[in-house]
Every structure is written in C-alpha cells, then in structure tokens.
Number of protein chains: 2
Amino acid sequence: MASMTALVTDTRRTPGAAVQPVPIEAVRIGDGFWRGWLDRLYGVTLPTQHAQCEATGRLDNIRRVSGRVDAPFRGRYYDESDVYKWLEAASWALAGRDDRRLRALVDALVDDIAAAQQPDGYLHTYFALERADQRYSDLVNKHELYCAGHLIQAGIAHHRATGSTALLDVVVRLADHICAEFGPDARETADGHPEIELALVELARETGQRVYAEQARFFLDQRGRKPPRIGGYRYLQDHEPAAEQQEIAGHAVRAVYLACGLADAGLELEDGALWEGAERLWCSAYETRVYVTGGLGAHWAGESFGDAFDLPNRNSYAESCAAVAGVMWNWRLLAGTGEARYADWLETTLYNGMLAGLSLDGAHYFYPNPLSAAAGHARVEWFECACCPPNLARLLASLSGYLYGVSERALWVHQFVAGRVDADVPGAGRLSLEVDTDYPWSGEIRLTVRQAPESPAELRLRVPGWCDAATVEVVPADSVPAPSPFEGEGWGEGASGHAPAAADLHRSPATGDYAALRRVWAPGDRVILRLPMPPRRLVSDPRVTANVGRVALARGPLIYCVESHDRPGLEQDAFALPDDAAVTAGPADERLPGMTLLDMTAVPLSGTPERGALYQCVSVDNQANGAPTAPVAIRAIPYFAWANRGPSTMDVWLRRQEAPGA
Amino acid sequence: MASMTALVTDTRRTPGAAVQPVPIEAVRIGDGFWRGWLDRLYGVTLPTQHAQCEATGRLDNIRRVSGRVDAPFRGRYYDESDVYKWLEAASWALAGRDDRRLRALVDALVDDIAAAQQPDGYLHTYFALERADQRYSDLVNKHELYCAGHLIQAGIAHHRATGSTALLDVVVRLADHICAEFGPDARETADGHPEIELALVELARETGQRVYAEQARFFLDQRGRKPPRIGGYRYLQDHEPAAEQQEIAGHAVRAVYLACGLADAGLELEDGALWEGAERLWCSAYETRVYVTGGLGAHWAGESFGDAFDLPNRNSYAESCAAVAGVMWNWRLLAGTGEARYADWLETTLYNGMLAGLSLDGAHYFYPNPLSAAAGHARVEWFECACCPPNLARLLASLSGYLYGVSERALWVHQFVAGRVDADVPGAGRLSLEVDTDYPWSGEIRLTVRQAPESPAELRLRVPGWCDAATVEVVPADSVPAPSPFEGEGWGEGASGHAPAAADLHRSPATGDYAALRRVWAPGDRVILRLPMPPRRLVSDPRVTANVGRVALARGPLIYCVESHDRPGLEQDAFALPDDAAVTAGPADERLPGMTLLDMTAVPLSGTPERGALYQCVSVDNQANGAPTAPVAIRAIPYFAWANRGPSTMDVWLRRQEAPGA
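Visitor: How should I be thinking about the environment of V170(B) in this particular structure?
Guide: Structurally, the position occupied by V170(B) is in helix α7 (residues 166-181). Distance in space between the C-alpha atoms of V170(B) and I152(B) is 8.6 Å, their sequence separation being 18 residues.

Here it is as structure tokens:
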C-alpha cells in the first residue's frame, strides 16, 4: 500500500475550504452494510468491467494508436472515457486493498495509455491516426476534452493511490498541450460535455500548478458567450454564462459536472462568482428538481432536467451517472462550507439514487433509474454507451474518501460506516476511531477512541435531516465524565456531572447539522449516537403534480418502494395506503439478505379503471355496489434493492388515502 | 357569392372515398352555439389578425419582393405562412358571407402575392432578393416548402370560395416549379416541416392534374431513407419511412400534417400503404396519446408527442395548431371510411382542444393548451411565432364544410349545428334540412325537411360515442308513419305502424356510429334525435399515470374544468370529488353567457402539504386531529371557456375520492 495520499479531492492547501478530506488509506470499512458491496467491487464489478472494455474493443482502440494492435477503431468516439473511469476506479480500489490481479491490469493499461500519447502531448483514440487531422473539429458533439478530463482524473487517482507517476506524467503532458491549444490567444471555446474543468482544478491541486485551475476557469468562461462558442444550447449549458445561470438546465450529467467545475474553480481560485454559481445551481437542483432518491434529471428527452417541480415518476430518467455526479457535487460544497445539508443529500444519493444503479450481484447496471416502473425495466451487463458502470465503480472504490473530514482540531463524521478511521487532525494529532454500527438498518452508531491526541479535539457528528430525535451519549474510558463533555453550538445542554453524559439534540426537523463534542479524548472513550429510525411517510410540495395524493416511505436514509412481488393480487396504483395504517419495520426476505423491510396493510381501490379505452366513463352506481374488501398486506423494500428478484413492476410513490378534514 | 364549390377537401372524384363533402355555401349556420364565434370571426378575429400581419411586417415582407415596399425583411423566415393561413381563412369566410371589407383585404393581398412571384414560379419572401441564392439550402430547418404548402392551400381556398383564378394561377406555377426542382432526377429530399404534401394532393384534386399528387407521394417517400435525407430525426418524422411508422412521434403539428398527407395521397392515388400508415398513426395517437380534450402533443420539449400514455396535465403542450391539424386529420379519415369514431374525435377536438385556443372576445389566443394550469397562463393577442391564430381562424371560417357529407342516396349529419343545409345527394337530388338545436347545451336535435328528392334517400345521423341512450323519432309531414321508417344497420327495430315512429338506439357505449333513416322524404317531415347528456365522470386507462386517482367531468361533447374562481378557498388539488357526489347541470355565470355549468360538492383534503420543502415528513398523528370539514360547493365550466374571467388556476382532472371496496 502506498503512503496516505489517496484523497478524492485534495483541498488541504485550498484557501477557505471548511473541511479537509481524509485519505482512503486512513479508512477501513469493516463488517457492515458496505463491506459486501466492496467485496463484490473487487471480486466481480471491476474484473467484469475490464473484460467488457476488452471485449468491446475499448482497450484495443487505445493499443491501436501506438501500433500494438492492428485493428479498426470500434465503438463510439467517446468510448475511451469508460476505460479512464475504470482506471480511476481501479486506482482508488488499490488504495483500499492491494489486489495483485487488479494491479496487473492497471499497470498494463497505464502502459498502453502512455504508449498512445502523441509527441505533442495529445491523446485521444478516435481523433488519432486516420482522423488525426480532425482534432478539435467538433468539440460541441464529440467529447474530446471530456475524455481528456476523465483521463486526467484517472492520472491523479493513480498517482495518489499508487505513488507512481507513470500516468500522472502522461496527463500533465496532455494538460499542457490543452493549455497551449485553448486560451485567449488560441482556440476560444470549450467542450460540449463538461468534465475537463473539474479535472484541471484537481490537477492544479495535485501538481501545485495554478495554471491548470486558470485553464479550468477559461473553459467555464466560454459558456454563454454572444455569439455562442458551443451553439448557445440550453442542453449544453451554453445559454447563459456558467456562473450566472439561475436554474440548473439541460443534460443532467453535463450540468452537474459543470457545477462541480464551478465549485472547484471557485474554491481554488477564490472566485466568488464561480462559487456562488455552484451554490445557486445547487439550490435550483436540490430545492426544486431532485427526486426523493437523490436522482437528478427528470426527462429521457435530452437526459435532462425539467422545469421546477416537474418530476415524473414513471419516466424519470435519473441516470446513474447523474447520481454519481450529484455525490461529487455535494462533496465539493460540503468541503467548502461544512454544511450538513450537502452531506445529507450525499447520503440520500449514495444509499438510493446511486446504489440502485448496481445489482446485488455486482454485475448488472441501470442507466435510468425510474421511481415507478412498468414491467421490463431490468439491469443489464453493459451498455453500448457504457458511461454508468465505471462511474458507479469509481464512486464505490473511493467511498472511504467521502466518509470523514478534518479541520482545525476537529474530526468530522459525515457518514456512518462500520470500520475504523485513523485521522490526522490539524492542530491536534492522530485521532483514531473504531465505528461499530449496523447503519443504515440501525440508527445506533458506537464510536470508540483507539488513539487520541493529548490536546482537546472536537468530534463533529452529522445528525441527518431525516432524524428529529437524535441523542448522543459520551462514555469516558474512566467512566468519570468530563465536566463539560461537549459544546453544543445550540445542540442542547452539556451533561451535568453524572455518567454517562448524554443529551437530546433538539433542532428544527429536516435540516441536518453537526453535533460538536469537544474534549481531551482518551483511548477507550466511547460515543454513542442514536438516530431513531421509525418508518417515515413523505409527501411532496404540491407543485410536484406527479406526487399529489401520494406518499413515499422511508426509514433512516433509505427510501423504500413496493415491487409487484410484495403486493400479490394488486395492480400498480390499484390500492392506497391509509394515513392511519401502521407501517412496521419487519422481517427480511431471504432473497434480500440482511435487509430491513417494511410491512403494512393497504386498501384496494374499487374504482380503478381497467386497461383498455384511453378514457372511460364511470358509472357512480357501480361504485356503490362493491362490498368493502379487507385490507391487503403489502411490503416495501429499499429502493436500491429493487429489480433483484426477477421481473417486477415498482413504485416509490404510493397512492395515499387521506382522512377528509380541515 | 360564388357558385357552390367551396369544399374543404374535394374528394368527389377520389376513388374509394366513403363520404363526399358538402360545400360551405350549401350550409347556413343559424342562431346557436357557433353563430357568436362566427360573428366574432368576421367582426374581430380576421380584421385584427390582418392588422397584426401588417404591423409585424409580414405583409411588407411580401411587398418588398416585388419592390412595392422598400424595407428590410422583418421577423422569422417562415412568417409568411401566417399570412397564407389568414388568406385561406378569409377566403373560406367569403364563401360563407360576402363581406366587402374582407374582400378588399383579400384582393389586395392576392395582388401583392402575385407580384412577388419570381419568373420561374418560385415564391418565398425570405429566400428572395439578397438571399435568392440560398433557395432550398436548409430545407430541414427553414420551412420553405411548408410555406409553399400553405400558399397552395390558400390558392385553392381562394378559387373555390371566390371563383377567381388570380391566386390559383400563382400556386399552380409555384407547384410546377416545385415539381421541377424536386424529384428522382432532381433534388431528392423533403421539407423538415410537412404541409406541402397535403396541399399538393388537394391541388391535384382542384386541377385534375394527378402529377401533383404524385409529387406529394415523392415527398412522403423521402422520409426514413438511409442515409437520411433530412437528418433522420424522430422530431422530424424522418426516423422511419412515413408509411411504415408504427407510432406517432416527434413534433406534433408536423406529425399530424404528415399523417394528413399520407391519408390524402393514399386515398387519391389508391395507395394502400400510405392510407394504412395514416390509419396506423391515428390508432397510435387516438388510442394512446390524445388528451381528453382532443389535444395532441404532450411535451413542450420539441412541441412533441410523448410515449404512449405519457400525458402530463400541468405541462401539457396540446398546441392549438395541433388541434386544428387533428380536425383536418379526422376529417380525412372520415371521408375515406365513413366511420363515426373519426367524427367523434373531430367533435371532441372542435369543442374543447381547438376552441380553447381562442378567447371569448375573439382576439386572444393560446399556443399551448394545458389541462392543468398554475397562475399566469393567459391568452395573448399575438405571438412572435404566430402559427396558431390564423390556423384557428381558417378552421372556424371553414366550419360549415365539416358538418355534413353525402354519398350515394345519403345525407350524413356529422355534427349538430343549428341552421340549414341544402345538399345535392348523389343518385337522389336536392335534400334540404333545417336544423333546430341548442347543441351542445341540449342534446335534442330537430331536423325538418324543407326540400326532398322524389326517390328514397337515407339520412345518416351520427350518434356520438359519448351517448349511450340515444333515441330517434321520425314525424312525417302527413303524420302517417311510413311502414318502415328507417333501416337500422343493427340500430334497433323499425317502428311498428303507429305515429310517431321512434326507436332506442342500442349499441356498445363509447363507440360512435351513424343511425340510418331511409325513406321517401317529403317537405315537412321531421326527425328528432335525442342525445341525453347527463354529466359524466371520466377516468383514464391506468397507464396514464398523471390521471391515476383523478376524474374528469363531461357533458355532451364538452369537457369541463374547475377554475380557481369557482372553488373559493380551495387550492388546486386540495380537494377531491367523491364518487357519490351529485353533479348537476346548473345555472350560468353572467360572464359566461348562455353556458351550462356543473355544480357539485367536493371534500377538502386534510393532508395536502404546503408549498415549501420539496419533500416533507408527515406525521400520522396530525392527520387524525382535524375534525372533518363540511363539503364545499364547487363549479365546473366548459374547458373551452377557461381563462376568460381574469387570472385563474385551472384543472380538468380533479382528485377523485373512491370508495374502498372490491
């Protein structure tokens, strides 16, 4: 294992960053929810994705540029980006676990990529050889710098994870080439698909060369020019200057990568306009356009955001890549502000909108993630446009890097994952915690201090917005409570002298925050955070017309759904959940091992029309004839787990039976 | 008034047409529902539209081509199409009433257009003069042949309505030019916006020159080629050969004009593949994609059809032009088959989806016609892209031509409009009827024979699909019933000897049909068709997710809606209509003179969330606390009449309170 440098974003020297990252190597994911996903990542997901890249010619496309393979180009002009995302994933994975076979694949691939680089630093497999003279001829559509951005991200990850500069050197030469080719005195335009921007800022952090961040700002500034540089299309976020856009619009993945670039460049360059643009777009997205799962992008048409509150369920797009991008975006805003709302949405996206993209066997993928599905929506092994699988892989592989943060004399616990963290807390020293939890199935998180600095340090525990009855308890190793075990920032009172110290965390519901515990920690000190997670009923702002009269179920960070497997005899939407029906966290399904499911009784609805005529006249007389039917038992499962038990139909938003009244 | 030649489509010599048209001059619209709309058409709509065309430079754009005006081109490259549609409208209007001022405007405009024609027959105001060398350089986007199609339609209407060949000669020269420029030995492509196809078929009918219909078939055959001629876009109906398309798709107005062209060319050229294509697309549209109002085109994005059953209400597009196109399409399929389902949808579109496009004052227009509107959706006087206003005008001006039909020894009554028809029935002779009805407010239609041929003739009365309890009564002038007053085609029994003859018309609900009455008619004979119209509740196929748990109200051919004016104190969707709540046809509103409204009581819903957080947690306890609130009186008005009483919100589909039960 390399030195502790595998930071998903390295904002340690970035001015004004509120929270610093903790490297992947400093975090061990233990037995618990995520362990199985990571085991499958190493055992199934990464190897099968590599095999797909090989089988579809994606790897040979790289080898043919250097003459190592003599074959025609296969696939689409942006296919190499899938390889680069896989390489980024594999690199992060090597930071987490040394895997000999994976390392061999990575080494060979890095070698192939390096061999494909042109003498001037350019590197692209489609615009090479017979198409070398077409370089940069169709930036609006052909994703040339988008591919370069993913390669740069892979180069950074590879260096941080392995310590090798073999790929970093390649991407530095590529970046230098791009800086020479694009600028005020060269080509004044940008790529139709953002990605290069965030990659260049990270390269500036990695190399200490601010010029790359300036180049990112140049690309950001190309959007919304008059006359337009890239067509002026809303679809491409070129309808207004990037930093001035009031509403998130167009192709969802592009929009969110662009917003990540705004956040990165804004923070790195202390450019308030760029940063505020990222925050403004976040409000537009997360206050009016996000699915309850964290999914982004309402429409198949243009894979795009819709208007505010336009969130169809049956045809929701919510591309897996957009969920990954959403995690990246929230991470960046969290780093800049330390505000829990970003960690909240990161969590929601992680456990729902993102995770649904991957099957429980680790080898099948969703591209769109609808919130209501008719029969026939199933995960598949690969896509012709295969952006999603390696995107899911690189997020899973780097998951450890998104769990914790540090700031002056403080360790932040953003997410609750069983395992251990060995964090170097600025101004204090090494603080190591063991985390014991069955989260997200249980809301009890037990933290045990294993190593502590001698000076006081703050433990900042996120209290998620979904929880309105959190408590925290500090049990010192010597069982004698400290006089003032924690300082609440409005988070309730300090404990009053008897052990164990505990406090309710009162706050307005639905707004997450961090509970701060400051003390001189000692090995053996324990902190127990309790996040009660009774099943919750969620409703939407009434402007979300798709959800009027509907209710969704949640428990802890998980959004639930009802599949046809678990409502025998009931068609989709042919039943309602009464407001007074009990919803109980119940037993598991052997096909969904270890998961907490929800049991409830629903009311069949008499008047549900049959499939047939588009519009049908209902006779009121007929309605009165039917004798009331007994409620029917139904079961809800976590949204991420749907479509793993054979063909089904599925709904997140169930029809709600409200009591008439004021 | 000219001779009786103003046929909206002239299929009199078309092989295989099931019903022939009756000319506009043969129909008088008397006092009743439509009279006011037509009075406003002549008094307000046509004059103000002409003034808009003048004020926006649309007319000067024509005059500058001939040098009559020295001014730069103004507006968009397709703006002249609005002028041509206005001219078509004004021409049909002159067939209905001779209006001196209107005639003067028409004559001047025809003169301006003729002067703008180039020596080679070409005529377009944008691709003229400084852009003459760009002719046909961007057919995919620039609507050049679309404009020509509307001009050809205007030329045909002008000739049929006035007898003058002044404009017909122009469009024949234009058509000859197009035939020379496009074809297997010339340009092999078509226009991105269909319209030329249906215009050329009608020109073939008007001139007897089959070559124009062949040219239309050539254009139809250009779509769906490999490699594509016009980009291959689904948006432009170029993704598959036109006659082979299984589902209606893309831009709605384009798709329906294309389908009209398929029907016209298929019928005229006895080309079964084209005709079947038109029928197949009709099934796709009217069985899975039409709004209950007859509106077509679900989405703002691309002004386009969505997937089957994808019919959002809040953002429904349902462009006014698409409704007009829908009337034209249904009319063509009715002419070819005589099947009442087409006349049914024509009626639904006419009274709802189309008519809502025009304000009660005749001077304001909707472009999209949502079925649910938040505040702010209001008709305006004109649009920068002003396709809809003159399209509405040309349909209203030619309305008389869509009401009746004739076939061998039969007069068809497609629509029920007060007034008179003097029809020449093939094989029989002149059959004149006076029609006395308050339709659509009343379902009683009284027909009195004023002139009749000596031989037997059949009166074919449409029994709309919405009516399941129709009766017909024949009262002979001599009060002695004929032994067998009518022949029912499965429509019940002949009357049995006592006067008046009457019969129930039994049939399966929701499928319209024609009731056939055959006898030797005599002046003074009366026929009374009774179409009971109690308020009806409509529900949708459950695959229309937007309408799950919702009900719409209808009465006769009218779809109703609830505006905020008529549900004081209730927000949109914050109430439900119980299945057992009585809906009564009630008193009028003085701001909606003469209209029958619907009164009912609704139940306020306690659990409706407030505007605010996108997703909100509901507490079950809170739900049980509210004491039931008394039902609240609400009122529904005809959909076409909404947004005429000041700013409002509006819904067609109301939340439905179903009884639980089997």
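Visitor: Looking at this model, I keep getting lost on the pairing of strand β10 (residues 471-475) of chain A. Mind explaining?
Guide: In regular strands, side chains alternate between the two faces of the sheet. Residue and element names in this part refer to chain A. Within β10, four of the five residues are buried, leaving the element largely enclosed by the surrounding structure. By the bridge criterion, five bridges tie β10 to strand β13 (residues 526-530) in an arrangement that is antiparallel. Looking at the pairing, T471 lines up with R530 of β13.

Visitor: So what exactly am I meant to see when it comes to the relation of the copies chain B and chain A here?
Guide: Two copies of one chain are present, and they are related through a rotation about an axis combined with an axial shift. Superposing chain B onto chain A takes a rotation of 180° combined with a translation of 0.1 Å along the rotation axis, leaving an RMSD of 0.0 Å. Interpreted geometrically, this transformation is the action of a two-fold axis. Among all C-alpha atoms of chain B, that of A546(B) lies closest to the rotation axis, at 3.2 Å. The residues that chain B uses at the interface reappear at the interface of chain A in 100% of cases, marking a shared surface.

Visitor: Looking at this structure, how should I read the interface of chain B and chain A?
Guide: Each partner contributes residues to the interface: chain B has 61 residues there, and chain A has 62 residues. Considering only the surface of chain B that becomes buried against chain A, V539(B), L614(B) and Y615(B) emerge as the three largest contributors, covering 15% of it. Where chain B packs against chain A, one counts two salt bridges. Among the salt bridges present, the one from E658(B) reaches R655(A), with a minimum N-O distance of 2.7 Å. Of all the secondary-structure elements, those providing two or more residues to the side of chain B that touches chain A are α11 (272-288), β14 (536-540), β19 (597-604), β20 (615-618), α15 (620-625) and β23 (654-657) of chain B. Considering every element that reaches the side of chain B that touches chain A, the biggest residue donor is β14(B), with five residues.

Visitor: Sorry, what's going on with the sheet that holds strand β4 (residues 404-407) of chain A here?
Guide: Two orientations exist for strands paired in a sheet by backbone hydrogen bonds: parallel and antiparallel. Residues and elements named next belong to chain A. Ordered in space as β1-β4-β5-β9-β12, the five strands form an open sheet in which the pairing is mixed. Either end of the sheet is taken by a strand with one partner, and the two such strands are β1 (20-21) and β12 (513-519). Of the strand pairs in this sheet, strand β5 (residues 410-413) and strand β9 (residues 457-463) are connected by four bridges, and their pairing is parallel. By the bridge assignment, A410 is partnered in β9 with E458.

Visitor: I would appreciate a short explanation of the sheet that holds strand β4 (residues 404-407) of chain B in the present structure.
Guide: All names here are of chain B. In spatial order, the strands read β1-β4-β5-β9-β12; together these five strands make up an open sheet with mixed pairing. The sheet is open, and its two edges are formed by β1 (20-21) and β12 (513-519), each paired on a single side. Against the sheet, helix α13 (residues 340-354) engages β9 (457-463) and β12, with an angle of about 55° to β9.

Visitor: How should the pattern of salt bridges be read in this particular structure?
Guide: Charged atoms that come close allow side chains of opposite charge to pair. For the coordinates displayed, the defined rule picks out 104 salt bridges over all chains. Residue D39(A) pairs with R35(A) through a salt bridge whose shortest N-O separation is 3.4 Å. Here R35(A) and D39(A) lie together in helix α1 (residues 33-55), a separation of four residues that amounts to about one turn. On the basis of relative accessibility, which here comes to 29%, the residue R35(A) falls in the partly exposed class. Taking the shortest distance from any N to any O, the salt bridge between R64(B) and E130(B) comes out at 3.1 Å. One end of the pair, R64(B), is in helix α2 (residues 58-65); the other, E130(B), is in the loop between α4 (100-116) and α5 (139-142), with 66 residues separating them in the sequence. Within the structure, one salt-bridge network assembled from shared partners comprises R160(A), E202(A), R205(A), E206(A), D264(A), E268(A) and R332(A).

Visitor: Teacher, can you tell me more about α13(B) here?
Guide: Side chains three or four residues apart in an α-helix point the same way, a direct result of the helix having 3.6 residues per turn. Taking the largest bend as the criterion, α13(B) deviates by roughly 25°, centred on T348(B). Most of α13(B) is tucked away: 14 of the 15 residues are buried.

Visitor: Help me out: how do you make sense of the packing of helix α6 (residues 144-162) of chain B against helix α8 (residues 196-207) of chain B in this one?
Guide: Helix-helix packing: each pair is described by the crossing angle between the helix axes and the interaxial distance. Residues and elements named next belong to chain B. It is the contact of α6 with α8, at a shortest axis distance of 8 Å, that shows an interaxial angle of 30°. By the angle class used here, α6 and α8 are roughly parallel. Where α6 crosses over α8, the two elements pack in a sense that is left-handed. The segment α6 lies against α8, with L145, A148, G149, I152, Q153, I156, H159 and R160 engaging I196, L198, A199, L200, E202, L203, R205 and E206.

Visitor: For this particular structure, what's the right way to read the packing of aromatic side chains?
Guide: When we look at a pair of aromatic rings, we describe it by the centre distance and by the angle of the planes. Taken as a whole, this structure holds 56 aromatic pairs over all chains when the rule is applied. Plain terms: the ring middles of W37(B) and F640(B) are 6.0 Å apart, the flat faces sit at 70° to each other, and that makes the pair edge-to-face. With W37(B) in helix α1 (residues 33-55) and F640(B) in the loop between β21 (632-638) and β22 (650-651), this residue pair connects regions lying 603 residues apart in the sequence. Here W37(B) matches F640(B) in class, with each residue buried. Here the aromatic cluster, defined as three or more aromatic residues joined through ring pairs, consists of F33(A), W34(A), W37(A), Y351(A), F416(A), Y439(A), W441(A) and F640(A). For the cation-ring pair, R187(A) lies above F182(A), with the distance from its terminal atom to the ring centre recorded as 5.7 Å.

Visitor: What should I look at first to understand the domain arrangement of chain A in this one?
Guide: How big an interface is tends to be reported as the loss of accessible area on association of its parts. All names here are of chain A. Splitting chain A by domain gives domain 1 (32-402), domain 2 (405-530) and domain 3 (536-657). Between domain 1 and domain 3, the residue contacts involve 26 residues of the former and 25 residues of the latter. A combined buried area of about 2100 Å² lies between domain 1 and domain 3, and 61% of that area is made up of carbon and sulfur atoms. Three residues, V292, F309 and L360, lead the burial of domain 1 against domain 3; their summed loss comes to 28% of the area buried on that side. On inspection of domain 1 and its partner domain 3, the count reaches zero salt bridges.

Visitor: Sorry, what's going on with the packing of α1(A) against helix α2 (residues 58-65) of chain A here?
Guide: Residues and elements named next belong to chain A. It is at 4 Å that the axes of α1 and α2 come closest, and there the two elements cross at 55°. When the axis of α1 is compared with that of α2, the two are oblique. The residues of α2 that touch α1, namely those facing H50, C53 and E54, are R58, L59, D60 and R63. Looking at the contact of α1 with α2, its residues break down into two nonpolar, one polar and four charged.

Visitor: When you look at the environment of A148(B) in this model, what are you seeing that I'm missing?
Guide: All names here are of chain B. Relative to the assigned elements, A148 resides in helix α6. Each C-alpha atom, one on A148 and one on E195, is 8.4 Å from the other, the two residues being 47 residues apart in sequence. When near neighbours in sequence (up to four residues on either side) are disregarded, A148 contacts L174, I178 and I196.

Visitor: Would you explain the confidence of the model for chain A in this entry?
Guide: Should the pLDDT be low somewhere, the predicted coordinates at that spot are not to be read in detail. Residues and elements named next belong to chain A. Residue-level pLDDT values for chain A average 93, and 93% of them are 70 or greater. Low confidence marks residues 483-500, where pLDDT is under 50. Its contacts with residues over four positions away, or in another chain, come to 40 contacts. Counted against residues more than four places away or in other chains, residues 621-626, with its pLDDT under 50, gives five contacts.

Definitions and cut-offs
Residues numbered from 1 in each chain as written. Chains lettered and ligands numbered in written order. Predicted model: local features only at pLDDT ≥ 70, side-chain atom pairs only at ≥ 80, totals over all residues. Heavy atoms only, no water. Helix = DSSP H or I, 4+ residues; strand = E, 2+ residues; numbered from the N terminus. Buried < 20%, exposed > 50% of the residue type's maximum accessible area, 1.4 Å probe, protein only. Pairing = 2+ DSSP bridges. Least-squares fit on C-alpha atoms with pLDDT ≥ 70 in both. Contact = heavy atoms within 4.5 Å. Buried area = accessible area lost by both parts, 1.4 Å probe. Salt bridge = Lys/Arg side-chain N within 4 Å of Asp/Glu carboxyl O. Axes fitted to C-alpha atoms, helices over the stretch in contact; angles between N-to-C directions. Bend = angle between axes of the 7 residues up to and from the residue. Parallel < 35°, antiparallel > 145°, perpendicular 65-115°, else oblique. Left-handed = near helix turned anticlockwise from the far one by under 90°. Phe/Tyr/Trp six-rings, centres within 6.5 Å; stacked < 30°, edge-to-face > 60°. Lys NZ or Arg CZ within 6 Å of the ring centre and 35° of its normal. Domains from an automatic or database assignment. Nonpolar A, V, L, I, M, F, W, Y, C, P; charged D, E, K, R; others polar. pLDDT = per-residue confidence, 0-100.

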